[in-house]
Amino acid sequence: MPIRQLSETMINQIAAGEVIERPASVVKELVENALDAGASRVEIVTAGGGLNLIRVTDDGSGIPERELALAVARHCTSKLADDIHDIRSLGFRGEALPSIGSVARLSIRSRTASSDSAAEIGIDGGRVSAVKPAAANRGTTVEVRDLFFATPARLKFMKGERAESSATSDVVKRIAIAFPAVRFTLAGADRSTLELPATSDTPEGRLARVAQVMGKDFPDNAIAIDAMRDGVHLAGHVSIPSYTRANALQQYAYVNGRPVRDKLIAGAIRGAFADVLPRDRHAVTVLFLSLDPSTVDVNVHPAKADVRFRDPGLVRGLIVGAIRDALAGAGIRAATTGAAGMMAAFRPGAAPYSHPGPANGHRSYEAAYHASGSGGFDPLRSAQRPLDMGKAQPHRNGFAENEQAAFDTGPLASADARAGTAEPAEPLLGMVLGAARAQVHENYIVAQTRDSLVIVDQHAAHERLVYEALKNALHSRAVPSQMLLLPEIVDLPEEDAERLAMHSQTLAKFGLGLERFGPGAVAVRETPSMLGETNVQQLVRDLADEIADNDTVETLKERLDRLAATMACHGSVRSGRLLKAEEMNALLRQMEATPGSGTCNHGRPTYIELKLADIERLFGRR
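Residues numbered from 1 in each chain as written. Predicted model: local features only at pLDDT ≥ 70, side-chain atom pairs only at ≥ 80, totals over all residues. Heavy atoms only, no water.

### Concerning the overall build of the chain
Then comes step 1: A count of helices and strands for the chain gives 20 helices and 26 strands.
Then comes step 2: Within the chain, residue pairs in contact and separated by at least 24 positions form 68% of the contacts whose partners lie at least 6 positions apart.
Then comes step 3: As displayed, the chain has an accessible area near 31,800 Å², and 53% of this comes from carbon and sulfur atoms. (Helix = DSSP H or I, 4+ residues; strand = E, 2+ residues; numbered from the N terminus. Contact = heavy atoms within 4.5 Å. Areas by Shrake-Rupley, 256 points an atom, 1.4 Å probe, with all protein chains shown as cover.)

So, in structure tokens, the structure goes:
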């Protein structure tokens, strides 16, 4: 087949295949255009999951009538000057509108503030109609009907109406978080209406917008982030370690206001929470990176979903360091959802009536029943009967102690240790975790503060304390290393060997001594003593892969930390050990002084707090 020039329609359809993957992609492009036009109100309407109809209306600056024809032509944009590296808008490629028009029926109706009337232009499967007068308020309305009618093969790859509607909602929410001063509305016959009222472009307003999108629980379980390093500013909020999700869908990242899904940022978030979350749980985050546009390339993906940083190590280090510093500075906090779960478990009807035994922490009613010596319920023998029931016994003083003794057949199943009968010292009640009052089931410490009840898992708590102490000892000095009898030669691509050699000094601090051994290999002479006999080949290759991806050597550090976590697990206070009152209070004070002690090394919560007000609600006092 001879080489030939493709038609304009074919070119646009090829571009649409890159930019317009599904209805949510159309909504993203149109909403970004509205925001670039300075809109303070954006309304989106969909039908059929967005395949039948997408309508986006804004109150932005509008498009002059003479520019409407240019707006639907490829590579025509008002957002880009002569410098491709100085991009300060969401859109800049000039491909979205002609690409959409090539695979759907598109109409644009717009009016500027200085114009007395609006104008309209349409594209039907790539055929552009003439500009004509129209009636409209200031701003722009873009309507897309019959998406992919011109490329019916694409319809076979679309998911169901509900899935497409959900993807559109996620796109709108992701963009809305970055623009709290803009009011967003998403409606249609295929969905419930989503309304996000405008707040303010302040830290408080941004957090209010986040609460609109992610739920009111997030602000109560979030820690503020604010850090700067070498011209890169990081702000936002991250969840406390005990407030997590089963997936990473609620991790929002923005670069200069642009929502992105960047693997470097996602990896940095995982690294920052590596010590405090289980492997199958994910933190909830909203992070905003602000930096010079010339130091980040947003033109590496047609849909602008990925970015490339000039200094990825700087960005990763800033994110990891800022999150860890924030977690350390936030002190010890329990997730509010833990108390909610406890209240749900305590509510009447939350658990079945029958119980396998006295492990619920109450007296054994079965033992009391048999101790009564009756084959059935006898109201005359019941300790709960009215005082005037049965024969008159004028000589009795008190409240039927003999009958009540039937229920006192043994000690409380959960009364393992008491913290003392005296009232706790007033200063202890003012501490975060309060004063220890008892140890139950040989594993849980019950503590009291001025306005709450705290239950601590002694093994999980002490495990975290030992782990943090081991980590501090491990990283406060060079890691001891062991000399190999014979150097281990690891064959690598030349570029990987060069990267490892460049990081050799950092690796030496972690006990790994290596050097170049020819053009495509490194010689490993020392390994960290803590690792014992390790697979040197695999370790070095993993490090080479991570340096290539992120320009860091976190893999080795994480291995050492995992070993310290294992040592902490086996060296901590075991479940089943009785603690004295002094030991319980000492454990509580250590928890308060140790960063990250709200969760154990495996990510499980170390304590749960139930406010006095919640307890009173359980008993109907509020």
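### Here's the deal with the packing of helix 5 (residues 161-178) against helix 6 (residues 203-214)
Then comes step 1: Where helix 5 contacts helix 6, the two axes come as close as 9 Å, and the packing angle between them is 170°. Relative to helix 6, the element helix 5 lies roughly antiparallel. Considering only the axes of helix 5 and helix 6, their crossing is left-handed. Counted together, Lys-173, Ala-176 and Ile-177 of helix 5 and Arg-209, Val-210 and Val-213 of helix 6 form the full contact between these two elements.
Then comes step 2: Per-class residue counts for the contact of helix 5 with helix 6 are four nonpolar, no polar and two charged. (Axes fitted to C-alpha atoms, helices over the stretch in contact; angles between N-to-C directions. Parallel < 35°, antiparallel > 145°, perpendicular 65-115°, else oblique. Left-handed = near helix turned anticlockwise from the far one by under 90°. Nonpolar A, V, L, I, M, F, W, Y, C, P; charged D, E, K, R; others polar.)

### What to know about the sheet that holds strand 23 (residues 481-491)
Then comes step 1: Spatially, three strands are ordered 23-25-24 in an open sheet, and the strand pairing comes out antiparallel. Every other strand in the sheet has two partners, leaving strand 23 and strand 24 (513-516) as the edge strands with one partner each. Adjacent strand axes in the sheet meet at a mean angle of 15°, parallel and antiparallel pairs treated alike.
Then comes step 2: Where strand 24 meets strand 25 (residues 521-528), four bridges bridge the pair, whose relative direction is antiparallel. (Pairing = 2+ DSSP bridges.)

### Thoughts on a nonpolar patch on the surface
Then comes step 1: On the surface, a nonpolar cluster with roughly 240 Å² of combined accessible area is contributed by Leu-6, Met-10 and Ile-14.
Then comes step 2: Tracing the sequence through the fold places Leu-6 in the segment before helix 1 (8-19). (Patch = residues over 30% accessible without salt bridge, like charges linked within 9 Å, V, L, I, M, F, W, Y side chains within 5 Å. Salt bridge = Lys/Arg side-chain N within 4 Å of Asp/Glu carboxyl O.)

### Section: the side chain of Thr-140
Then comes step 1: Along the polypeptide, Thr-140 turns up in strand 7 (residues 139-145).
Then comes step 2: Polar contacts involving the side chain of Thr-140 include one to the side chain of Ser-110, which spans 2.8 Å.
Then comes step 3: When residues no more than four places from it in sequence are discounted, the contact partners of Thr-140 are Val-56, Thr-57, Asp-58, Gly-62, Ile-63, Ile-108, Arg-109 and Ser-110. (Polar contact = N/O pair within 3.5 Å; in protein donor to acceptor, adjacent residues only side chain to side chain.)

### A look at the sheet that holds strand 16 (residues 285-290)
Then comes step 1: In space, the five strands of this open sheet follow the order 10-11-16-13-14, with mixed pairing throughout. With partners counted over all chains shown, the strands left at the sheet margins are strand 10 (222-229) and strand 14 (258-260), one partner each. Adjacent strand axes in the sheet meet at a mean angle of 20° when their direction is disregarded.
Then comes step 2: In the sheet, strand 13 (residues 251-255) pairs with strand 16 via five bridges, with the strands oriented parallel. If you follow Tyr-252 over to strand 16, its bridge partner there is Val-286.
Then comes step 3: On top of the sheet, helix 5 reaches strand 13, strand 14 and strand 16; it is set at about 55° to strand 13, its chief contact.
Then comes step 4: Sheet strands touched by helix 9 (residues 312-329): strand 10, strand 11 (232-239) and strand 16. Its angle to strand 10, the strand with the most contacts, is close to 140°.

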